[in-house]
Each structure stands twice: as C-alpha cells, then as structure tokens.
Amino acid sequence: MNLLDPLGLLGLTALIPVIALYFLKLKREERTVPSTLLWKKVIEDMQVNAPFQRLKYSLLLILQILLIGLFGFALARPYLNLGSVPGKKTVLLIDTSASMATRDAGNDKKQSRLDAAIHDARTKIEDLRQGDEMALFAFDRETRQLSKFTSDRSMLKQMLDSLHTRDLGTRGDEAFESALATIQGKDNVEVLVLSDGCFELALDKERAEAAKGNTEDTKASLPDRLKSFRFVAYGGVSDNVGITQMNARTRTVKKKGGSAEEVETVLFVTVENFAPVPREIVLSISTESVQFPSKVVQLKARVTRAETATAEPGKEMLMDNARSEEIFKLPTGTTGVVTAKIISPKDSFPNDDVASVVIDDTESISLLLVSEGNYFLEKAFASMRGLTVKKVDPKEFMKEWEQKGQQAVELYDCCIFDRVAPVSWTDGGAMFLGVMPPVAGFVKNEKALEWPRINYWDADHPLMRYVTFGNVTIKSAQSWTVPKAAKAVVEGPIEEVENTNPAVEKNADGTPKKKYAMRPLVSAFVSDRVRVIGVAFDVFETDWPSRPAMPLFCGNALPWLAQASPRRRPSAQRTGEPLAIPAGLGAGIATVLKPDGSSESVQLTREHTTFVKGTETIGLYELKGIPGEDKSRIYAFNLANHAESDNGVRDTLKIGDLSMVSHPSAVQAKREIWRWLALGAACILLMEWWVYHRRIGL
C-alpha cells in the first residue's frame, strides 16, 4: 500500500491530546471535612483522578483512537498499487473508428465504447507515479499521435477530452507499427490497445523490416516485440442492422407508345443483419420532398466465423441470408438527394442506419468505341438506354491521337479500346479489351495463359454487381503483372512469381522459397484522374459474349468509368475518401459546407482535380460558389463499411498467425481506499456515540 498525500498522516497527531486527557487530574475545590469517613472518600477520589496513572481499560478511548487513526490515514489517501512500477512507460492506442460509437459499454451498458475507453485511459493517467511517462495515439483510418512520452497529467487529459469517434474504418496496422517504432529501444514499456477489435492486422511492413534485418534488434521476432502489447476490448454482442451499400443507376428510356424519352432511376440498397438472431427491418426511401412507402425486409441471423469455417461445402450459408439487396424503381424525373433509412429496429449503432445518394438531372453517357468491329460489344451497348456511342476505326483514332493527344477524347465520358491502345493514358476512364492498359505499373509477361481456369471474382466490387464468371471459358489470355494500386476483380490460375527477397525467404535447405500468386484476368485501376479496366483476354477467344455476364459487366463498367469524366461526379462516396472536384468546372475560390456545420474554402483549377479532405462525417457536403455556375453541387458520404457495421466485440485480435487475447485487467492499477477508511471512521463515530450515551466502559 502507498500514499498519494503522506502529509495527511499529520492528522494522527490528534491522538496526543485525546490520550493526554485520560492522564490529567480533575481539579477539585478545597472543603472542610467534618468526618474521617468523608476524608477517606475524598482520598479515594483523589487516587482515582490522580494524573499519570496506569491507564485502565476504556472502550471509549479505544474507539476514539481508532476514529482518529482512520481519519488520519484517509487524509493521506492510501491506495493499492496493482502492478504499477516506477519509471514505467505506457503507450495508449485508442480506437476512434465508427464502431466505437456503439452504445453498449460501461457499467450501465449505455455508454459509447469510446467513452468507456477514455474513462479507463483517464484512470491510467491518474495512476502515473513519479518517473512514469505516457504517450497517446488515436487511430481509425489514419493514426494520429496526440502526445509524445510525458508525465504531464493535465496535458494528457486535455488530449483525451479532444477525442471523438469519426465515421471511418479502421487501419490497425499503421497504429501498431507506430507503437512499435515508439517503444523501440526502450525498457519497462507497455502498450495498451483500447478498442473493440473490429479490424484485422497483418503487420506486413513490420515483418518485412524484421526479415531484412532493418530493426534495431534483428534477433527479436514479431511475437517477442508484441509481448508488451495488451488488448483491452470494449462492447458486447452486436445487435446491429445497417445499410452497407447504396447507389443509383439512372438511364433514359422511351415512353410507352411514343418516341419521347424519359429518365428512369433504379436505387440499389444493401441491408445486413449482424445480430445472432433474425431481424425484421423496416426500410424507408425518401427524397427532399417525397416520402415513399416503407418496405419490410426479413433477414436471418448472422452466423459466427467459426460456423462459417466449419460449414459443409455446397450448403447454403446463413451469412448470405443475413444480407439482402433491395431494388427500388423511383418515379420518372426523380433527381436530387435520395435517402434510405432503417426505421426499425433501433440498435446501439445508428451510424449505418442512414445512407444517401445524389441523382443528377443528366446521366447520359457519351462513349467512344475504338474497334475494327465487335458485334458483341455493339450489341451489348445497343441494349443500354441513355448511352451515346461513337465508333471510330483504330487507324483513324491513332492519327488523331498523334495530333491532339489526350484532347482527342475530351468530349467523351469514357472510352473502350478493343485490341488497340494509345501510347499512354493519363486522364479519364477507359476499358482495354485484349490489350494491356498503357498505364505505369502494368507489365506484360512473355508466357501467355492457355485455357486459364477462373479461380476467383470479387462479387463486392461495383464492376461485378450481378456478374458471375463461374461458367465462362477462356481459350487464351495475356499474363500481366499489375500495379499494387490495381484491384484484380477476376483472377485466373496460380503461377509462380518472382521472389523479390530470395536472400531472406529461404527453404530449410537454404534454397530460395518459391512464391505463387493468381494471375489477374480483369483488373480495375483508380488514381487521381484515371479510371482503367484491363481485360487480359480477347472476347473472341471466349464464350463470354454468350453469357449474361458480359452485358451486365458492360452495364456496370460504363458508369464506373464515367466517374472520371470532368462533367460527372459520384452519386455517393465512403467517408474518409477525399472529395474529388473534377477539373473543368472553372478557376477560382469555392466553399465546401460540411455536415457538422463547418466550412472550407477551396481553390478550383481547370488543370487538375481538386481534392478536399476532412470527409470523416456521414452526411451531405455542399460545394457553393462555383465560378460560372449559379447552382451548388451536393455530394453524399455514407459509412458503407461492412467491417464497422459488423461491430460485435472481438475477444481476440488476430495478427497473421498470432492471437492477442483481451485483458480487461490491464487498465487497472492503483485504487484509492481512503473512502473505505472514511466510511469505517464514520461507523466507529456512531459506535462511540452509542457507547458514551450507554455509559459503557470507563
């Protein structure tokens, strides 16, 4: 036991006068005594009250001594030190991602998880002893260092008070790597991860650095370096239902019985149940002026990861039945902001109960098709309404490209290059069929893929909505190495790839370890001003055109590519993604109004896209004061993050093949017990009062 205020023990000096009172002699008046009998009585009284006699048993004296002793120790603020060591360094990693806003933590199970984590962090700050230091980090989509190692309690508390949840996903790797770098070379350190564990860790960078011997202690493996980490989990079982995806598809169709055209919009809303029990969801759709009838959706219970891993092959998974994609056909001419909202049931995480999209009043796509002739493509495009197609012979296009460069395609929203490609592609959206995209990072391998087997396609990617490649046969395809930023949405056979670190990655016999990877057959690449789709096979070398997958894929690809057009913008984005204001709107100062009421001035240019950060709040962002335009532009940002909506607390953090179990006791340290001493003193005071009035023990 230790004392926070040792000077409080001075209160024990009150024992001196209390005990002294029992030694003092009573003062008596002198009187004339007429009888020896009375004289004897006086002598007896004088002996009884004579000072400095041996103290006799007195219950009152004992109670008074205990009372003063307890009060004295209480003033000294004693505490129990549960594991704290002088000179200790502590790093707090506090999760501020969207799922930490779930209100199922604390003693009453109604606090947000972040509030509970901040409460424990504040306790750890109060527990700092002389020589102890603490550093604070907050992490979600990005990692922010709030303070370096310091013992300044007030400053650390001030940093804690500034924390709030942000509607962002979680990237734990960067946070762990920052903590490892902070504690490198330091002794007596502890890292506390205060989170709900709704994220996965790979720590590839840390493993690679250790493998190359670039860390200070080359002998320390990653498990050894993580020994000082303690994971403290917050939250409970998920009761969440949420909207995990929402977008709109607008096209121009002909009116019945006439040649006039009208705009038709279809809304796609994905709702999921993350609770372990079935749920009935009431989903409403509304515009700024119209409330459409609600729809009731029945979803089954969410299966656990263990149940998913042990499921029998071919058995229908409940996980698919816990998700439903609802399709709404909006009335003709619907434009502006359309909002989907889960009315019921209410859950402890409302952030994903609302999502919005922005529907423009003009959604036609202008397409340039560079091809010698492709019946299948032309047939697919002919079935798409609201699409203007201009077909150009490759020779004519190359001549114009040599003269104008990228300006040759500036009038089109997107381009399709069939077995031909320009020298480079630096702006806009384009799909390259049977030819490698002329974008840095794409490399063609010498050996072609003969009858490649399709092993995987990403059903969650926007290009692959309702698209399946399970029944597509390919005779031959090119073998590509794609940039790291590219996403392989369809992957083929597994092949041996180059071992980039043969000196370290070796087999037991010392030979370089062979590495394998699936070859991409369809890749999607996105950068500042570019959206590119690369299809590694010629459609004439496949039976793809005879499958529904091809027109569906083209229908998904064109709107996705057209988002790179300067005159278009996405109908909805995820929080955390920069707001991309395309070039060509004009040059000058504009203002972005954010959902939290703040605003930001931005400089627009005609030369390049303007990116606005700070989109970590769900809601609508309004761009006002656009040079040359009277109307403002609205951008919708939604959470749309499956990992954050799947907010059931994890008792264990998975780090590759390692596991880090939650340790709630890691946030416990010294606990003051003066309150209990004060309570005991109050009880003794009541007992002393009772004894005194009962005249017990003199």
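The shown structure was predicted, so the numbers you read here are calculated from the model rather than taken from an experiment.

Draft legend 1. Structural detail: unusual backbone geometry. Geometrically, the link from Ser344 to Pro345 is a cis peptide bond, its omega value of 0° lying close to zero. Within the fold, Pro345 resides in the loop between β15 (336–344) and β16 (354–359). The backbone of Ala640 shows a phi angle near 40°, a positive value even though the residue is not glycine. Counting through the fold element by element, Ala640 comes out in the loop between β35 (633–638) and α14 (642–645). The exposure class of Ala640 is buried, given its relative accessible area of 14%.

Draft legend 2. The sheet that holds strand β31 (residues 588–593), seen in detail. Strands sit in the order β29-β35-β34-β31-β32 across an open sheet of five strands; the sheet is mixed. Taken across any chain shown, the strands that pair with only one partner, and hence form the sheet edges, are β29 (573–574) and β32 (599–604). Bridge count for strand β34 (residues 619–624) against β35 is five bridges, and the pairing is antiparallel. When the bridges of β35 are listed, Leu623 appears paired with Arg633.

Draft legend 3. Expanded view of the pairing of strand β20 (residues 428–433). Among the six residues in β20, six count as buried, and that is most of the element. The alternating pattern of β20 places Gly428, Ala430 and Phe432 and Gly429, Met431 and Leu433 on opposite faces, both of which are buried. Taken together, the five bridges between strand β19 (residues 414–418) and β20 define a ladder with parallel strand orientation. Bridge assignment links Phe417 to a residue of β20, and that residue is Phe432. Pairing analysis gives six bridges linking β20 to strand β28 (residues 530–535), with the strands arranged parallel. Of the residues in β28, the one forming a bridge with Gly428 is Val530.

Draft legend 4. Representation of the packing of aromatic side chains. Counted by the stated rule, this structure contains 17 aromatic pairs. An aromatic cluster is present here, built from Phe397, Trp401, Phe417, Trp425 and Phe432 joined pairwise through their rings. Seen from the ring of Phe149, Lys89 lies directly overhead, with NZ or CZ sitting 5.2 Å from the centre. The cationic tip of Arg465 hangs over the ring face of Phe268; the distance from NZ or CZ to the ring centre is 5.5 Å.

Draft legend 5. Local environment of the sheet that holds β16. Taken in spatial order, the four strands line up as β13-β12-β15-β16 in an open sheet, and their pairing is antiparallel. Of all the strands in the sheet, the pair left with one neighbour each is β13 (295–299) and β16. Averaged over all pairs of adjacent strands, the angle between strand axes in this sheet comes to 25°, irrespective of strand direction. When β15 meets β16, the two strands line up antiparallel, connected through six bridges. Looking at the pairing, Lys341 lines up with Val354 of β16.

Definitions and limits used
Residues numbered from 1 in each chain as written. Predicted model: local features only at pLDDT ≥ 70, side-chain atom pairs only at ≥ 80, totals over all residues. Heavy atoms only, no water. Helix = DSSP H or I, 4+ residues; strand = E, 2+ residues; numbered from the N terminus. Buried < 20%, exposed > 50% of the residue type's maximum accessible area, 1.4 Å probe, protein only. Pairing = 2+ DSSP bridges. Phe/Tyr/Trp six-rings, centres within 6.5 Å; stacked < 30°, edge-to-face > 60°. Lys NZ or Arg CZ within 6 Å of the ring centre and 35° of its normal. Axes fitted to C-alpha atoms, helices over the stretch in contact; angles between N-to-C directions.

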